[in-house]
Amino acid sequence: MEIRLFGTVNDSIVDGPGLRYAIFTQGCFHNCLGCHNPKSHDINGGYIRDTSEIINEIDENPLLDGITLSGGEPMLQIEPLKELCKAARLRKLNIVIYSGFTFEQIMDDPNKKALLELCDMLIDGKFELDKKSLALLYRGSSNQRLINIQQSLSQGEVVEYLADENNEIKI
């Protein structure tokens, strides 16, 4: 299945816990002031790849702890990302997803929720420049939350991850 990408990183240590394969989707309508990846906004930009090629690259790195879906806005490419999530699950990799949509907004949309249900951690909310902090773990602004998706779905309310004494999060 085809996916439009801004790029990929085979060995990221900043896009979630552990060693990650980061997938940066192309296309975003949030237009957050101060966005980290503004060139990823153009819905027709980037390049096309087949998800099978990405899965092959994931398979070539046995050290990976998980994959990260970022962007752009991942919720604009639900079907190819669901395919990648299912492949990651088969490989026992955890899945982090970034979205400018909040958990609550995602839950109101059955298509977005279907992708979210395949993931472990959501970093939600638009980047807000006036709340920017370089001290935050895995996020750019203090309004964004590190949400334990599976516990949140189970409990029917948002459950956030908390860093341990070493400022680490275990998924």
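These numbers come from a predicted model, not from an experiment.

Participant: When you look at the UniProt feature "domain: Radical SAM core" (unreviewed entry) in the protein chain in this model, what are you seeing that I'm missing?
Facilitator: Under the present numbering, the feature "domain: Radical SAM core" (unreviewed entry) in UniProt falls on residues 14-171. As annotated, residues 14-171 comprises 26% helix and 18% strand, and the C-alpha atoms at either end are separated by 15 Å.

Participant: What am I meant to see in helix 1 (residues 51-59) here?
Facilitator: Every α-helix carries 3.6 residues per turn, so stepping three or four residues along brings you back to the same face. Buried within helix 1 are the following residues: Thr51, Ile54, Ile55 and Ile58. Buried residues of helix 1, viewed axially, fall in a sector of 100°; they line one side. The elements touched by buried residues of helix 1 are strand 1 (2-12), strand 2 (20-25), strand 3 (47-50), strand 4 (66-70) and helix 2 (78-90).

Participant: What is the right way to look at the nonpolar core in this model?
Facilitator: Note that soluble globular proteins tend to have their nonpolar side chains buried in a common cluster. The biggest cluster of nonpolar side chains holds 31 residues, and the ones touching the most others in it are Ile23, Ile54, Ile67, Leu69, Ile97, Leu115 and Leu122. Residue assignment for this core shows that the elements contributing at least two residues are strand 1, strand 2, helix 1, strand 4, helix 2, strand 5 (94-99), helix 3 (103-107) and helix 4 (110-116). In terms of residues, this core owes the most to one element, helix 2, which gives six residues. Apart from residues lying up to four places away in sequence, isoleucine 23 is in contact with Leu5, Gly7, Thr8, Ile54, Ile67, Thr68, Leu69, Ser70 and Leu84. Of all hydrophobic cores here, the second largest spans nine residues; its members include Tyr98, Leu146, Tyr161 and Ile169.

What counts, and where the lines are drawn
- Residues numbered from 1 in each chain as written.
- Predicted model: local features only at pLDDT ≥ 70, side-chain atom pairs only at ≥ 80, totals over all residues.
- Heavy atoms only, no water.
- UniProt positions renumbered as here; feature names shortened; annotations may be inferred.
- Helix = DSSP H or I, 4+ residues; strand = E, 2+ residues; numbered from the N terminus.
- Buried < 20%, exposed > 50% of the residue type's maximum accessible area, 1.4 Å probe, protein only.
- Arc of directions from axis to C-beta.
- Contact = heavy atoms within 4.5 Å.
- Core = buried A, V, L, I, M, F, W, Y, C linked by side-chain atoms within 4.5 Å.

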